[in-house]
Amino acid sequence: MHLTTLEVFAKIDGIGSASGLFLHEDLLYIIGDNSGYLNEYNIKTKKLRKIQILFDKILDQLENIPKSLKPDFEILCHNNNKLYMLGSGSTPKRNLMIEFDLETQKVIQKDLTNTYTKLKAIAKIDDQNFNLEGATFTGNEWLLFNRGNGIDAKNGIFKIQEVDLTKTKQAKFNPFKLPNIDHVESSFTDAVLVKNEIFFIATAEDTKSTYADGEILGSFIGSINLQTLKLTFSNKISDKHKFEGITLLSQNEHRTTFLLCEDRDSEELKTVIYKLILDH
C-alpha cells in the first residue's frame, strides 16, 4: 500500500487546458491541448515565457483554438535535451509532432499520420477509439499510451523500437486493464518513466467518446514494470480532478514526488499545478 498526499504547488495565469508537463531544473514546461504555445514557467522567479510551436496560417488564434481545429497536444515527453509534443490522433487534425531543442530553441514539426494509421491497424483500433495521451522515449524505444475512453475501452501501450516515430514500421500493442469506479474503467491520461518504472495517471470519465467530455468520477496514480509492462500498484488520488500531465519533481529511498497538471475543460487561461507525494 502506498500513501499519497495531494497539495497545490503553483497557480499560473496565462495557461489554459493544461495537458502535459516536464520539469527541467527550475523550468517547468507546460502544454495545453488547445494552444499553439509551449509554456516555460520558472518555479523560482514565477516568470512565464511563451514559445510559439505552431505556425499554421489557417489559425487566427493560438490560444483557445476551437475544438474542431485544435492540435490536441496531449503528450509532452523528454529525451536527450529535446522535448516532444504529440497530438492525440483522435481526429485527422491531431496528428502533429513538435520537437523542441532545449539548447538551440529550434522547433521542428513532423506529421505522424502514417504512423498513427499503422498503429490503428496493428492494434485493430478504429478512429473512434484511438486517443494517445501519454508517451515515454528512451532514445531508441517509444511507449505510447492509448486512452481507452472510447466505446471499446481500448486502454493499451504501443511499444515501438524506433528513433524517428515518423519511420515506424513495426509496433506491438499491449492491452491494459485499469481500475474502475462505479463500473466505469479508468483510462490513461499520461505517463512518465522513472528509472525502470513507468508511473501513470488515469481518470475514470463517464463518456464513451474520445472527443466529448463526461463526468469525472476520480483519478488514479499507478506504476507499471518497464520490462514486463505489468501493473505494479494503483492508488486513487482524487474524486474530482482530471489530471492530464505528470512529471517527476524528486525521489529518494522512501518518497517519490510528482507534479501534476489538470485540464479543467474551460477557456479560462489559468492553471493549477499540484504536488503529489508518494510514500513507499
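Please refer to the structure placed before this passage.
Residues numbered from 1 in each chain as written. Predicted model: local features only at pLDDT ≥ 70, side-chain atom pairs only at ≥ 80, totals over all residues. Heavy atoms only, no water.

Caption draft 1: Structural view of the pattern of salt bridges. For the coordinates displayed, the defined rule picks out 18 salt bridges. Measuring nitrogen to oxygen at the nearest pair gives 3.5 Å for the salt bridge that ties glutamate 7 to lysine 275. Taken together, the positions of glutamate 7 in strand 1 (residues 3-13) and lysine 275 in strand 22 (residues 270-279) put the pair 268 residues apart, joining distant regions of the chain. A relative accessible area of 33% places glutamate 7 in the partly exposed class. Aspartate 239 is paired through a salt bridge with lysine 236; the nearest N and O atoms lie 2.6 Å apart. (Salt bridge = Lys/Arg side-chain N within 4 Å of Asp/Glu carboxyl O. Helix = DSSP H or I, 4+ residues; strand = E, 2+ residues; numbered from the N terminus. Buried < 20%, exposed > 50% of the residue type's maximum accessible area, 1.4 Å probe, protein only.)

Caption draft 2: A look at the sheet that holds strand 2 (residues 18-24). Strand order in this open sheet of four strands is 2-3-4-5, and the pairing throughout is antiparallel. With partners counted over all chains shown, the strands left at the sheet margins are strand 2 and strand 5 (48-52), one partner each. When the angles between neighbouring strand axes are averaged without regard to direction, this sheet yields 25°. Sheet topology note: the strand 3 (residues 27-32)/strand 4 (residues 37-42) ladder contains five bridges and is antiparallel. (Pairing = 2+ DSSP bridges. Axes fitted to C-alpha atoms, helices over the stretch in contact; angles between N-to-C directions.)

Caption draft 3: Seen up close, the sheet that holds strand 12 (residues 156-160). Across the sheet, four strands lie side by side as 10-11-12-13; this open sheet has antiparallel pairing. One side of each edge strand has no neighbouring strand; the edge strands of this open sheet are strand 10 (132-137) and strand 13 (172-175). Geometrically, the sheet is characterised by an average inter-axis angle of 20° between neighbouring strands, direction not taken into account. The pairing of strand 11 (residues 142-146) with strand 12 spans five bridges and is antiparallel. Opposite asparagine 146, over in strand 12, you have glycine 156 as the bridge partner. Across the sheet, helix 1 (residues 113-123) is in contact with strand 10, strand 11, strand 12 and strand 13; its angle to strand 12 comes to roughly 120°. (Contact = heavy atoms within 4.5 Å.)

Caption draft 4: Spotlight on the nonpolar core. In terms of nonpolar packing, the biggest core is built from 21 residues, with Leu86, Leu119, Trp142, Leu144, Phe158 and Leu165 touching the most fellow members. When residues of this core are traced back to their parent elements, those giving at least two are strand 6 (73-79), strand 7 (82-87), helix 1, strand 10, strand 11 and strand 12. Within the second largest apolar cluster, 18 residues are counted, among which are Leu76, Leu83, Met85 and Ile98. (Core = buried A, V, L, I, M, F, W, Y, C linked by side-chain atoms within 4.5 Å.)

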